[in-house]
Protein chains: 2
Amino acid sequence: MSTIVAVDIGGTQLRAATYKENQFQPIAQKRVETKASEPNAFSRLIKVIEDIWPQGQKVDAIGVSSPGPVDPHSGVVMVTPNIKEWRDFPLTAKLTEHFGVPAYLDNDANLAGLAEWKFGAGRGHHNILYLTVSTGVGGGVIIEDRILQGHHGLAAELGHSTLQEDGPLCGCGQRGHLEAYSSGTGIERFVAEQLKAGRESVLNPEKKNSAFMISEAAKQGDALSIEAYSIAGKYLGIGVANFLHAFNPSIVIFGGGVSQSGPLLFDAFEVSLKEHVIHPRYLEGLVIKKAELGDDAGLLGARALAELKLSS
Amino acid sequence: MSTIVAVDIGGTQLRAATYKENQFQPIAQKRVETKASEPNAFSRLIKVIEDIWPQGQKVDAIGVSSPGPVDPHSGVVMVTPNIKEWRDFPLTAKLTEHFGVPAYLDNDANLAGLAEWKFGAGRGHHNILYLTVSTGVGGGVIIEDRILQGHHGLAAELGHSTLQEDGPLCGCGQRGHLEAYSSGTGIERFVAEQLKAGRESVLNPEKKNSAFMISEAAKQGDALSIEAYSIAGKYLGIGVANFLHAFNPSIVIFGGGVSQSGPLLFDAFEVSLKEHVIHPRYLEGLVIKKAELGDDAGLLGARALAELKLSS
């Protein structure tokens, strides 16, 4: 029976937990706040892991979930938005050197998809499309029960699919990506532009209106806010149609804050998805579901990755 | 040592060949012309296979490549443009019933990709994007040495990715797909529209100008024809950038007639691809190559599929 230490390097928290095989709940866990400015991120990480390391028991592997581009094949964190000092940082090699056990790494969206496949909304499915719709849009893809990583481990970057060549600016500097339309940032940008152009709304044009504030205004009938979510849903439908044609999954799982917006987003999404698939068979038996694991997706994905690696 | 009978149901020909494992050349092969109007397609297929069936030797499996949507999991040809009488036709079940050996089926683009992986331009690569750019645009994807098929076997329909929501009409009835821009049909449509609008060109606006005729005019300096290929190349670059983000392959292989156009298509493609990838690492070590197997890709892919199934 294997014992796994899972680590989730999140935006605001660093979490670690120890899991026994076939036991859903961890036998130990800890979380600490992260501060981007604080140095010695690796020492702090070591400390958190040591705090939950099981005494007198063998640990078989460490699994790590990290945001930003990582190379899962070499275990290198290329860049991570939260820890500025880590650039091309050989995280798994350093963990193995310190703890003497193998360590495995992948990015947060891939591992959230893997977690939903093994423990959450995707159980029983073999081909899964996971999308987190939040500040950005991230993807995780499971194909025949395996995580899609690609040659350099950079696959499933689905937020950066061009849907409209001359569309709005994306956070990455390019135009017309799914993320530029359907992320919280995209929704906020659309509203800010329209307010600046003098469009009427209950929202204050002098302030920054968050995606959540816009969703609240929409629920009170604000036409601009309703339109913003409707556009986000429409392009989410076009993007998902493209991904159905590419991957033909049996389930699409939505995580992330913006995916909590209900009919505001998903009414337009469903109309658009049906309109943009090229054959009704892509929708036959297709399950569309919300993610079930919430904040634990990173930890559980890191755990699932380590368990998969040990058994392969 | 296995013996495979491979069948390629092509647009104008029906081909069959018998292969011995570890021997590239077939020990027998036959081709006949196909006529869409001719009935009894299945009887004709049986006859061609019987003609190359090895006497006194065991055949281990039959592999079949077919155009159009097929279900590789159930072995059903849903629709095929060449044989009108086959609609939801249980091809592999009927072949197994007749010949008493297992039969496997997939579509022509998937199998051309598989053939290039095993015998052609993609040898030694584990993650492959194959695109055929011809009358249409078709895709075949290999992920970690396995063919990407998806839940209903409809994955890798990459020609029908939306790149511009309000773009030109595609053969499938939708707008702005990669195929609408970069296929031979897309190039012909653009030129016909421009000629109709009174644009100057050496091409005759009263006639149907084929993609090949347009490429010849372009080579003689015709500005409209050069522009047509340049637009095709630009959108091919946007599409491939999307697919690199999705699959992160180590090689992109181009098959099909339009991909023979050289710099006319690929100069604009390369500029556009570089412009549209979100991180230079997607291009690091990326090989971009022409397909090597030509007309034999269907037969060799059908063979590779059967060999893979036998060994799995």
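Everything below is about the structure shown above.
Thresholds applied
- Residues numbered from 1 in each chain as written.
- Chains lettered and ligands numbered in written order.
- Predicted model: local features only at pLDDT ≥ 70, side-chain atom pairs only at ≥ 80, totals over all residues.
- Pairing = 2+ DSSP bridges.
- Helix = DSSP H or I, 4+ residues; strand = E, 2+ residues; numbered from the N terminus.
- Least-squares fit on C-alpha atoms with pLDDT ≥ 70 in both.
- Contact = placed C-beta atoms within 7 Å.
- Buried ≥ 20, exposed ≤ 12 C-beta atoms within 10 Å, placed from the backbone.
- Axes fitted to C-alpha atoms, helices over the stretch in contact; angles between N-to-C directions.
- Expected span 1.5 Å × (residues − 1).

Draft legend 1. Molecular detail of the sheet that holds strand E6 (residues 76-79) of chain B. Residues and elements named next belong to chain B. Strand order in this open sheet of three strands is E5-E6-E7, and the pairing throughout is antiparallel. The sheet terminates laterally at strand E5 (70-71) and strand E7 (87-89), the two strands that pair on one side only. With two bridges joining them, E6 and E7 adopt antiparallel strand pairing. When the bridges of E7 are listed, Val 79 appears paired with Arg 87.

Draft legend 2. Structural context of the relation of the copies chain A and chain B. By a simple turn and slide, chain A fits onto chain B: the slide is 0.0 Å along the axis, the RMSD is 0.0 Å, and the turn is 180°. The superposition of one copy onto the other is thereby described by a two-fold rotation axis. Interface residue correspondence from chain A to chain B reaches 97%, placing this contact among same-surface, isologous pairings.

Draft legend 3. Spatial organisation of the environment of Ala241(A). If you trace the backbone, Ala241(A) turns up in helix H7 (residues 223-247). As a C-alpha pair, Ala241(A) and Trp86(A) span 155 residues in sequence and 36 Å in three-dimensional space. Not counting the four nearest positions on each side in its chain, Ala241(A) is found in contact with Leu273(A), His276(A), Val277(A) and Thr162(B).

Draft legend 4. Here's a closer look at the pairing of strand E8 (residues 103-107) of chain A. The element E8(A) is largely enclosed, with a buried count of five among its five residues. Of the two faces of E8(A), both are covered, the one formed by Ala103(A), Leu105(A) and Asn107(A) as well as the one formed by Tyr104(A) and Asp106(A).

Draft legend 5. Here's a closer look at the environment of Ser210(A). Residues and elements named next belong to chain A. With respect to the helices and strands, Ser 210 occurs in the loop between helix H5 (184-196) and helix H6 (211-219). Residue Ser 210 is classed as partly exposed on the basis of its 15 C-beta neighbours within 10 Å. Taking the C-alpha atoms as reference, Ser 210 lies 38 Å from Glu 144; in sequence the two are 66 residues apart.

Draft legend 6. View of the sheet that holds strand E4 (residues 61-66) of chain B. Residue and element names in this part refer to chain B. Reading across the sheet, the five strands line up as E3-E2-E1-E4-E8 and stay open at both edges, with mixed pairing between neighbours. In the strand order of this sheet, the two ends are held by strand E3 (28-33) and strand E8 (103-107), each with one partner. The average undirected angle you get between the axes of adjacent strands in this sheet is 15°. With six bridges connecting them, strand E2 (residues 13-20) and E3 associate as antiparallel partners. Looking at the pairing, Thr 18 lines up with Ala 28 of E3. This element, helix H2 (residues 91-99), spans E4 and E8 of the sheet and lies at about 155° to E8. Strands strand E1 (3-9), E2, E4 and E8 of the sheet are contacted by helix H9 (residues 297-311), whose axis makes an angle of about 135° with E4.

Draft legend 7. Just H5(A), in detail. All names here are of chain A. Between the first and last C-alpha of H5 there are 18 Å, a value that for 13 residues agrees with the 18 Å anticipated at 1.5 Å per step. Where H5 is concerned, the buried positions are Gly 184, Gly 186, Ile 187, Phe 190 and Val 191. As for H5, its buried residues are in contact with helix H4 (178-182), H6 and H7. Two residues or fewer past H5, Gly 198 is found with a positive phi of approximately 95°.

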